[in-house]
Amino acid sequence: SFLEDNSTSSIITSDATARNLFSLGKPFPSTDDHPPRPCNDNWPVLAVSWNLEMVGSQAARRFVSIVYDQVYSIRYFGHNMAPLWTFNWEGNVTDMLTVSVGDAASLNITEDCAKYDETLLKQLKSVGGDNFATLASLAWRQVIGSTDYVYNDKEKVPWGFLKEISSGGFISTVDVLLSAAPVFLYKFPQTFVTLILPVLAYANNETHIYGDNVSYNLPW
C-alpha cells in the first residue's frame, strides 16, 4: 500500500479473514493466502485498518486513497488512449499520489464536500422541491461517477467517455449522453464538450486517423 506507516495496514484477503481479524483487534496478514481469483471463491476484499490508540472527546479521523491503473482506459477505433492523469503527471503515479494525498491531508476535504452538497441540494429544492432534489442528487453521483477521461494524443486534447451501467459494456451512446446532458450543462459545460468530442469525431468520419476507418452511415 502507498504511504503506509506503522499504525496502518492493508491487505487483499477473504472477507471472513478481514472481518474476523479486525473484530479481534489483530493485524492483517502481510500477504494474501490465496492470490487473484474469481470473486465467488473465498470472496476477496480490500481491507484497511488504523491503530487510533486512545480516542478521547475529540474525534479521530483518517482517510484512504484507493487507486488503480488501467494502463489504457479506452481503445477508440483501434487506438489505445491512456488515462488523463498520465499526461498531467507524465505517467508517474507516485508523484500524482504524493500530491493528491498531501492535498487531501492539508485541505478540509470533508467540510468542503459537505458544503458543496448542502449548496447543491438547496439549489435543486428551489427548482423542484424535496422529491426532485433527492432524485437529482442520486442521478448526480451516478452520472459523474460513470465517466472516464483520457488524453487524446492525436488531437492533443482531453476526451471524456460516459460508461453505461448494467449493460453490455456500451460506452458514450447518444441516448445516455442525452440523459446526462442536464447535469453537465448545469455545472460542468466544458466537461460535456469533452464527452461529445469522441462521438462527433465518429459522426464526422474521422476514425481513420485512429487506425480503423469506420464510416458513419447510420440511417436517420
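This report concerns the structure included in the present document. The model shown is predicted, which means the values in this text are computed figures rather than measured ones.

### Observations concerning a nonpolar patch on the surface
Alright, step 1. Taken together, I12, L46, V48, W50, L52, V55, V64 and I66 make up a surface patch of nonpolar side chains, about 690 Å² in accessible area.
Alright, step 2. Per-element accounting of the nonpolar patch gives the leading share, three residues, to strand β2 (residues 44-50).
Alright, step 3. Looking at where L46 falls in the secondary structure, it is placed in strand β2.

### Notes on the pattern of salt bridges
Alright, step 1. For the coordinates displayed, the defined rule picks out five salt bridges.
Alright, step 2. Between R19 and D15 there is a salt bridge, with the nearest N and O atoms lying 3.1 Å from each other. Of this pair, R19 and D15 are both found in helix α1 (residues 15-23), four residues apart, which corresponds to roughly one turn of the helix.
Alright, step 3. Among the residues examined, D15 registers a relative accessible area of 17% and is labelled buried.

### Thoughts on α1
Alright, step 1. Of the residues making up α1, those classed as buried are D15, A18 and L21. Projected down its long axis, α1 carries its buried residues within an arc of 150°, all on one side. Exposed residues on α1 whose side chains face more than 90 degrees from its buried face are R19 and S23.
Alright, step 2. On its buried face, α1 sits against β1 (8-14) and β2.
Alright, step 3. One or two positions beyond α1, positive phi appears at G25, with a value near 70°.

### Things to note about the environment of L97
Alright, step 1. Topologically, L97 is positioned in helix α3 (residues 93-106).
Alright, step 2. A C-alpha to C-alpha distance of 8.4 Å links L97 and S65, two positions 32 residues apart in sequence.

### Digging into the packing of helix α4 (residues 109-145) against helix α5 (residues 174-187)
Alright, step 1. Where α4 meets α5, the closest approach of the two axes is 11 Å, and the angle between their N-to-C directions is 115°. The element α4 and its partner α5 pack so that their crossing is left-handed. Where α4 abuts α5, its residues Y116, L120, Q123, W140, V143 and I144 lie against A180, V183, F184, Y186 and K187.
Alright, step 2. Classifying every residue of the contact of α4 with α5 by side-chain character gives nine nonpolar, one polar and one charged.

### Some thoughts on the pairing of strand β6 (residues 157-162)
Alright, step 1. With six bridges connecting them, strand β5 (residues 147-152) and β6 associate as antiparallel partners. Bridge pairing in β6 places V150 opposite W159.

### Comments concerning the nonpolar core
The nonpolar side chains of soluble globular proteins are, as a tendency, buried together.
Alright, step 1. In terms of nonpolar packing, the biggest core is built from 15 residues, with L124, V143, L177, A180, F184, F192 and L195 touching the most fellow members.
Alright, step 2. Mapped by element, the contributors of at least two residues to this core are α4, α5 and α6 (189-203).
Alright, step 3. No other element matches α4, which puts six residues into this core.
Alright, step 4. Once residues within four sequence positions are removed from consideration, F192 is found in contact with L177, A181, F184 and L185.
Alright, step 5. Ranked by size, the runner-up nonpolar core spans eight residues in total, among them I74, M81, W159 and Y210.

### Looking at the packing of aromatic side chains
Alright, step 1. If you walk through the whole model with that rule in mind, you get twelve aromatic pairs.
Alright, step 2. With a centroid separation of 5.0 Å and an interplanar angle of 75°, the aromatic rings of Y76 and W159 are classed as edge-to-face. Of this pair, Y76 sits in strand β3 (residues 74-76) while W159 sits in strand β6, placing them 83 residues apart in sequence. Each of the two residues, Y76 as well as W159, counts as buried.
Alright, step 3. Geometrically, the ring pair formed by W159 and F161 is edge-to-face, given 6.3 Å between the ring centres and 70° between the ring planes. A single burial state applies to W159 and to F161, both of which are buried.
Alright, step 4. Among the aromatic side chains, those forming a connected cluster through ring pairs are Y76, F77, W159, F161, Y202, Y210 and Y216.
Alright, step 5. Over the ring of Y186 we find K187, and its NZ or CZ is 5.3 Å from the ring centre.

### Quick look at unusual backbone geometry
Residues apart from glycine generally show negative phi values, whereas peptide bonds are mostly found in trans.
Alright, step 1. The backbone of N42 sits at a positive phi, close to 55°, despite the residue not being glycine.
Alright, step 2. Judged by relative accessible area, N42 falls into the partly exposed class, the value being 40%.

Cut-off values and rules
- Residues numbered from 1 in each chain as written.
- Predicted model: local features only at pLDDT ≥ 70, side-chain atom pairs only at ≥ 80, totals over all residues.
- Heavy atoms only, no water.
- Patch = residues over 30% accessible without salt bridge, like charges linked within 9 Å, V, L, I, M, F, W, Y side chains within 5 Å.
- Areas by Shrake-Rupley, 256 points an atom, 1.4 Å probe, with all protein chains shown as cover.
- Salt bridge = Lys/Arg side-chain N within 4 Å of Asp/Glu carboxyl O.
- Helix = DSSP H or I, 4+ residues; strand = E, 2+ residues; numbered from the N terminus.
- Buried < 20%, exposed > 50% of the residue type's maximum accessible area, 1.4 Å probe, protein only.
- Arc of directions from axis to C-beta.
- Contact = heavy atoms within 4.5 Å.
- Axes fitted to C-alpha atoms, helices over the stretch in contact; angles between N-to-C directions.
- Left-handed = near helix turned anticlockwise from the far one by under 90°.
- Nonpolar A, V, L, I, M, F, W, Y, C, P; charged D, E, K, R; others polar.
- Pairing = 2+ DSSP bridges.
- Core = buried A, V, L, I, M, F, W, Y, C linked by side-chain atoms within 4.5 Å.
- Phe/Tyr/Trp six-rings, centres within 6.5 Å; stacked < 30°, edge-to-face > 60°.
- Lys NZ or Arg CZ within 6 Å of the ring centre and 35° of its normal.

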